[in-house]
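The residues making up each chain are set out below.
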Amino acid sequence: AMAGGLEPHLAALRRELGGPAVLSVLVALIAVAITFLLWRFVQGRKSSRKAVLLLGLCDAGKTLLFARLLSGRYRDTQTSITDSSAVYRLSQDKSTSVTLIDLPGHESLRLQFLERFKAAARAIVFVVDSVAFQREVKDVAEFLYQVLVDGTVLRNAPALLIACNKQDVTMAKSAKLIQQQLEKELNTLRVTRSAAPTSLDGSATGGPAQLGKKGKDFDFSQLPMKVEFVECSARGSKGEEGEADLEALQKWLVKVA
(Lines give C-alpha, C1' and ligand atoms only; values in the text may rest on other atoms or scores of the structure.)
Protein backbone atom coordinates (compact mmCIF):
# COMPACT_ATOMS: atom_id res chain seq x y z
CA ALA A 1 0.00 0.00 0.00
CA MET A 2 2.85 2.36 0.88
CA ALA A 3 4.64 1.55 -2.38
CA GLY A 4 1.43 2.24 -4.31
CA GLY A 5 1.02 5.57 -2.57
CA LEU A 6 4.59 6.59 -3.39
CA GLU A 7 4.46 5.57 -7.05
CA PRO A 8 2.70 8.75 -8.36
CA HIS A 9 5.26 10.92 -6.56
CA LEU A 10 8.16 8.87 -7.96
CA ALA A 11 6.68 9.07 -11.44
CA ALA A 12 6.35 12.84 -11.15
CA LEU A 13 9.93 13.06 -9.86
CA ARG A 14 11.16 10.99 -12.81
CA ARG A 15 9.41 13.33 -15.26
CA GLU A 16 10.92 16.35 -13.55
CA LEU A 17 14.42 14.85 -13.57
CA GLY A 18 14.22 13.43 -17.06
CA GLY A 19 13.80 9.70 -16.41
CA PRO A 20 14.60 6.83 -14.04
CA ALA A 21 18.34 6.84 -14.77
CA VAL A 22 18.85 10.26 -13.17
CA LEU A 23 16.74 9.24 -10.17
CA SER A 24 18.85 6.10 -9.73
CA VAL A 25 22.02 8.19 -9.79
CA LEU A 26 20.59 10.53 -7.18
CA VAL A 27 19.62 7.63 -4.91
CA ALA A 28 23.11 6.14 -5.29
CA LEU A 29 24.73 9.50 -4.46
CA ILE A 30 22.57 9.88 -1.35
CA ALA A 31 23.51 6.33 -0.24
CA VAL A 32 27.22 7.11 -0.74
CA ALA A 33 26.89 10.35 1.23
CA ILE A 34 25.15 8.60 4.13
CA THR A 35 27.80 5.84 4.16
CA PHE A 36 30.59 8.42 4.17
CA LEU A 37 29.01 10.36 7.05
CA LEU A 38 28.60 7.15 9.09
CA TRP A 39 32.22 6.20 8.39
CA ARG A 40 33.42 9.65 9.49
CA PHE A 41 31.35 9.35 12.67
CA VAL A 42 32.79 5.92 13.54
CA GLN A 43 36.35 7.03 12.72
CA GLY A 44 35.90 10.18 14.78
CA ARG A 45 34.81 8.16 17.79
CA LYS A 46 37.73 5.77 17.34
CA SER A 47 40.33 8.53 16.94
CA SER A 48 39.10 10.16 20.15
CA ARG A 49 40.04 6.96 21.98
CA LYS A 50 43.83 7.13 22.27
CA ALA A 51 44.43 5.15 25.47
CA VAL A 52 45.94 1.68 25.76
CA LEU A 53 44.98 0.23 29.13
CA LEU A 54 47.27 -2.23 30.93
CA LEU A 55 45.10 -4.58 32.98
CA GLY A 56 45.74 -7.74 34.97
CA LEU A 57 46.01 -9.20 38.46
CA CYS A 58 48.52 -8.01 41.06
CA ASP A 59 52.09 -9.13 40.36
CA ALA A 60 51.42 -9.94 36.71
CA GLY A 61 54.19 -7.48 35.77
CA LYS A 62 52.11 -4.60 34.38
CA THR A 63 54.11 -1.81 36.01
CA LEU A 64 57.50 -3.19 34.95
CA LEU A 65 56.14 -3.72 31.44
CA PHE A 66 54.89 -0.10 31.47
CA ALA A 67 58.34 1.15 32.57
CA ARG A 68 60.18 -1.00 30.02
CA LEU A 69 58.05 0.24 27.14
CA LEU A 70 58.66 3.86 28.09
CA SER A 71 62.35 3.84 29.04
CA GLY A 72 63.70 0.41 28.12
CA ARG A 73 65.27 0.22 31.56
CA TYR A 74 64.59 -2.21 34.41
CA ARG A 75 63.26 -0.83 37.66
CA ASP A 76 62.04 -2.32 40.92
CA THR A 77 58.27 -1.99 41.22
CA GLN A 78 55.65 -2.44 43.91
CA THR A 79 51.92 -3.11 43.85
CA SER A 80 50.18 -0.08 42.30
CA ILE A 81 47.40 1.65 44.22
CA THR A 82 46.69 4.26 41.55
CA ASP A 83 46.96 4.64 37.81
CA SER A 84 50.06 5.79 35.93
CA SER A 85 49.92 7.24 32.44
CA ALA A 86 52.42 8.44 29.84
CA VAL A 87 52.59 9.14 26.11
CA TYR A 88 54.24 6.27 24.24
CA ARG A 89 55.81 7.09 20.85
CA LEU A 90 55.30 4.32 18.33
CA SER A 91 57.46 5.43 15.42
CA GLN A 92 60.94 6.82 14.86
CA ASP A 93 59.61 10.15 13.62
CA LYS A 94 57.46 10.34 16.79
CA SER A 95 54.39 11.29 14.79
CA THR A 96 52.32 8.38 16.08
CA SER A 97 51.62 7.93 19.76
CA VAL A 98 49.17 6.46 22.24
CA THR A 99 48.63 7.07 25.94
CA LEU A 100 49.65 4.05 28.01
CA ILE A 101 47.70 3.76 31.27
CA ASP A 102 48.81 1.23 33.88
CA LEU A 103 45.84 0.37 36.14
CA PRO A 104 46.06 -1.22 39.61
CA GLY A 105 45.46 -4.97 39.68
CA HIS A 106 44.30 -5.24 43.29
CA GLU A 107 40.84 -6.81 43.54
CA SER A 108 39.41 -3.89 45.55
CA LEU A 109 40.66 -1.26 43.07
CA ARG A 110 40.77 -2.66 39.54
CA LEU A 111 37.10 -2.29 38.58
CA GLN A 112 36.78 1.30 39.81
CA PHE A 113 39.87 2.32 37.79
CA LEU A 114 38.61 0.45 34.74
CA GLU A 115 35.31 2.30 35.11
CA ARG A 116 37.21 5.59 34.99
CA PHE A 117 39.20 4.87 31.83
CA LYS A 118 37.24 2.28 29.81
CA ALA A 119 35.51 4.80 27.52
CA ALA A 120 38.91 6.16 26.35
CA ALA A 121 40.35 2.72 25.54
CA ARG A 122 41.51 2.27 21.96
CA ALA A 123 43.06 -1.04 23.00
CA ILE A 124 43.52 -3.20 26.09
CA VAL A 125 46.62 -5.18 27.06
CA PHE A 126 45.58 -7.83 29.59
CA VAL A 127 48.79 -8.99 31.29
CA VAL A 128 48.95 -12.57 32.59
CA ASP A 129 51.61 -14.06 34.90
CA SER A 130 52.54 -17.14 32.85
CA VAL A 131 54.36 -18.71 35.82
CA ALA A 132 51.52 -18.40 38.36
CA PHE A 133 48.80 -18.93 35.74
CA GLN A 134 47.80 -22.47 36.72
CA ARG A 135 47.23 -21.31 40.30
CA GLU A 136 45.49 -18.04 39.32
CA VAL A 137 43.49 -19.15 36.29
CA LYS A 138 40.09 -18.76 37.99
CA ASP A 139 40.91 -15.24 39.23
CA VAL A 140 42.33 -14.25 35.82
CA ALA A 141 39.22 -15.54 34.04
CA GLU A 142 36.93 -13.79 36.55
CA PHE A 143 38.53 -10.39 35.94
CA LEU A 144 38.66 -10.90 32.17
CA TYR A 145 34.99 -11.93 32.21
CA GLN A 146 34.05 -8.70 34.03
CA VAL A 147 35.89 -6.70 31.36
CA LEU A 148 34.35 -8.58 28.43
CA VAL A 149 30.71 -8.28 29.55
CA ASP A 150 30.95 -4.55 30.28
CA GLY A 151 28.56 -2.57 28.08
CA THR A 152 31.06 0.15 27.13
CA VAL A 153 33.78 -2.37 26.24
CA LEU A 154 31.34 -4.41 24.14
CA ARG A 155 30.09 -1.29 22.36
CA ASN A 156 33.53 0.19 21.57
CA ALA A 157 35.18 -3.22 20.97
CA PRO A 158 38.79 -2.09 21.59
CA ALA A 159 41.50 -4.43 20.28
CA LEU A 160 42.50 -6.88 23.03
CA LEU A 161 45.92 -8.41 23.59
CA ILE A 162 46.53 -11.13 26.17
CA ALA A 163 50.20 -10.60 27.03
CA CYS A 164 51.60 -13.81 28.54
CA ASN A 165 54.38 -12.30 30.63
CA LYS A 166 57.39 -13.79 32.49
CA GLN A 167 58.31 -16.13 29.63
CA ASP A 168 61.95 -15.90 30.80
CA VAL A 169 61.06 -18.36 33.60
CA THR A 170 61.33 -22.07 32.80
CA MET A 171 57.98 -22.93 34.41
CA ALA A 172 56.06 -20.36 32.34
CA LYS A 173 52.98 -21.67 30.54
CA SER A 174 52.75 -21.11 26.78
CA ALA A 175 50.35 -18.63 25.17
CA LYS A 176 48.53 -21.52 23.49
CA LEU A 177 47.88 -23.32 26.79
CA ILE A 178 46.84 -20.05 28.46
CA GLN A 179 44.35 -19.37 25.66
CA GLN A 180 42.85 -22.86 25.92
CA GLN A 181 42.52 -22.67 29.71
CA LEU A 182 40.99 -19.18 29.62
CA GLU A 183 38.42 -20.23 27.00
CA LYS A 184 37.47 -23.20 29.17
CA GLU A 185 37.15 -21.08 32.34
CA LEU A 186 35.21 -18.30 30.58
CA ASN A 187 32.84 -20.91 29.15
CA THR A 188 32.23 -22.25 32.68
CA LEU A 189 31.70 -18.73 34.03
CA ARG A 190 29.09 -17.79 31.46
CA VAL A 191 27.16 -20.99 32.17
CA THR A 192 27.17 -20.44 35.94
CA ARG A 193 26.20 -16.75 35.75
CA SER A 194 22.44 -17.08 35.81
CA ALA A 195 21.69 -13.74 37.50
CA ALA A 196 21.51 -10.55 35.44
CA PRO A 197 25.02 -9.09 35.30
CA THR A 198 25.79 -5.56 36.31
CA SER A 199 28.03 -3.36 34.21
CA LEU A 200 30.85 -1.39 35.81
CA ASP A 201 28.67 1.71 36.10
CA GLY A 202 26.13 -0.24 38.15
CA SER A 203 23.37 -0.59 35.56
CA ALA A 204 21.88 -3.98 34.80
CA THR A 205 22.31 -5.19 31.25
CA GLY A 206 18.84 -6.71 31.13
CA GLY A 207 19.55 -10.43 31.35
CA PRO A 208 22.30 -13.01 31.61
CA ALA A 209 25.57 -12.02 30.00
CA GLN A 210 25.83 -13.56 26.57
CA LEU A 211 29.52 -14.09 26.13
CA GLY A 212 30.20 -15.63 22.74
CA LYS A 213 27.59 -17.55 20.77
CA LYS A 214 24.63 -19.28 22.34
CA GLY A 215 24.78 -23.05 22.13
CA LYS A 216 28.50 -23.13 21.33
CA ASP A 217 31.51 -23.52 23.59
CA PHE A 218 33.17 -20.14 24.08
CA ASP A 219 36.24 -19.13 22.15
CA PHE A 220 37.81 -15.70 21.68
CA SER A 221 36.92 -15.48 17.97
CA GLN A 222 33.26 -15.03 18.99
CA LEU A 223 33.91 -11.63 20.61
CA PRO A 224 33.18 -8.31 18.83
CA MET A 225 36.80 -7.19 19.28
CA LYS A 226 39.91 -8.74 17.74
CA VAL A 227 41.79 -10.78 20.35
CA GLU A 228 45.44 -11.81 20.05
CA PHE A 229 47.91 -13.61 22.32
CA VAL A 230 51.65 -12.93 22.60
CA GLU A 231 54.45 -14.26 24.78
CA CYS A 232 56.68 -11.64 26.38
CA SER A 233 59.03 -10.92 29.26
CA ALA A 234 59.21 -7.52 30.94
CA ARG A 235 62.18 -8.74 32.97
CA GLY A 236 64.06 -10.32 30.07
CA SER A 237 66.10 -13.51 29.92
CA LYS A 238 69.19 -11.79 31.35
CA GLY A 239 67.38 -10.25 34.30
CA GLU A 240 67.85 -6.67 35.43
CA GLU A 241 70.92 -6.02 33.27
CA GLY A 242 69.43 -7.32 30.03
CA GLU A 243 66.75 -6.09 27.66
CA ALA A 244 63.10 -7.00 27.93
CA ASP A 245 61.52 -9.29 25.36
CA LEU A 246 58.63 -7.10 24.22
CA GLU A 247 59.00 -7.17 20.43
CA ALA A 248 55.67 -8.93 19.75
CA LEU A 249 53.86 -6.51 22.08
CA GLN A 250 55.49 -3.46 20.43
CA LYS A 251 54.50 -4.67 16.96
CA TRP A 252 50.92 -5.10 18.15
CA LEU A 253 50.86 -1.56 19.59
CA VAL A 254 51.98 -0.15 16.23
CA LYS A 255 49.24 -2.13 14.51
CA VAL A 256 46.39 -0.90 16.74
CA ALA A 257 47.51 2.74 16.99
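Our structure's up above, just so we're on the same page.
Now for a description of the structure that goes with this document. As the structure is a prediction and not an experimental result, all values here were calculated from the model.

**Some thoughts on the nonpolar core**
Here is step 1 of the chain: Counting 40 residues, the largest nonpolar core has Leu 53, Ile 162, Leu 182 and Leu 186 as the members making the most contacts within it.
Here is step 2 of the chain: Put simply, the parts of the chain that give this core at least two residues each are strand E1 (51-56), helix H4 (110-117), strand E4 (121-129), helix H5 (133-148), strand E5 (159-165), helix H7 (175-192) and strand E6 (227-231).
Here is step 3 of the chain: No other element matches H5, which puts nine residues into this core.
Here is step 4 of the chain: When sequence neighbours within four positions are dropped, the list of residues in contact with Ile 162 reads Phe 126, Val 128, Leu 144, Leu 182, Val 227, Glu 228, Phe 229 and Val 230.
Here is step 5 of the chain: With 25 residues, the next largest nonpolar core counts Ala 60, Phe 66, Leu 90 and Ala 159 among its residues.

**Quick word on the packing of H5 against H7**
Here is step 1 of the chain: At a closest axis distance of 9 Å, the pairing of H5 and H7 adopts a crossing angle of 60°. As judged from the angle between their axes, H5 and H7 are oblique. Every pair of crossing elements has a handedness; the one defined by H5 and H7 is right-handed. Contacts between H5 and H7 involve Phe 133, Gln 134, Val 137, Lys 138, Val 140, Ala 141, Glu 142, Leu 144, Tyr 145 and Leu 148 from the first element and Leu 177, Ile 178, Gln 181, Leu 182, Glu 185, Leu 186, Leu 189 and Arg 190 from the second.
Here is step 2 of the chain: Looking at the contact of H5 with H7 residue by residue, the classes come out as 12 nonpolar, two polar and four charged.

Each value, and the rule that gives it
Residues numbered from 1 in each chain as written. Predicted model: local features only at pLDDT ≥ 70, side-chain atom pairs only at ≥ 80, totals over all residues. Heavy atoms only, no water. Core = buried A, V, L, I, M, F, W, Y, C linked by side-chain atoms within 4.5 Å. Buried < 20%, exposed > 50% of the residue type's maximum accessible area, 1.4 Å probe, protein only. Helix = DSSP H or I, 4+ residues; strand = E, 2+ residues; numbered from the N terminus. Contact = heavy atoms within 4.5 Å. Axes fitted to C-alpha atoms, helices over the stretch in contact; angles between N-to-C directions. Parallel < 35°, antiparallel > 145°, perpendicular 65-115°, else oblique. Left-handed = near helix turned anticlockwise from the far one by under 90°. Nonpolar A, V, L, I, M, F, W, Y, C, P; charged D, E, K, R; others polar.

Bear in mind that shape data such as this cannot, by itself, settle questions of function.
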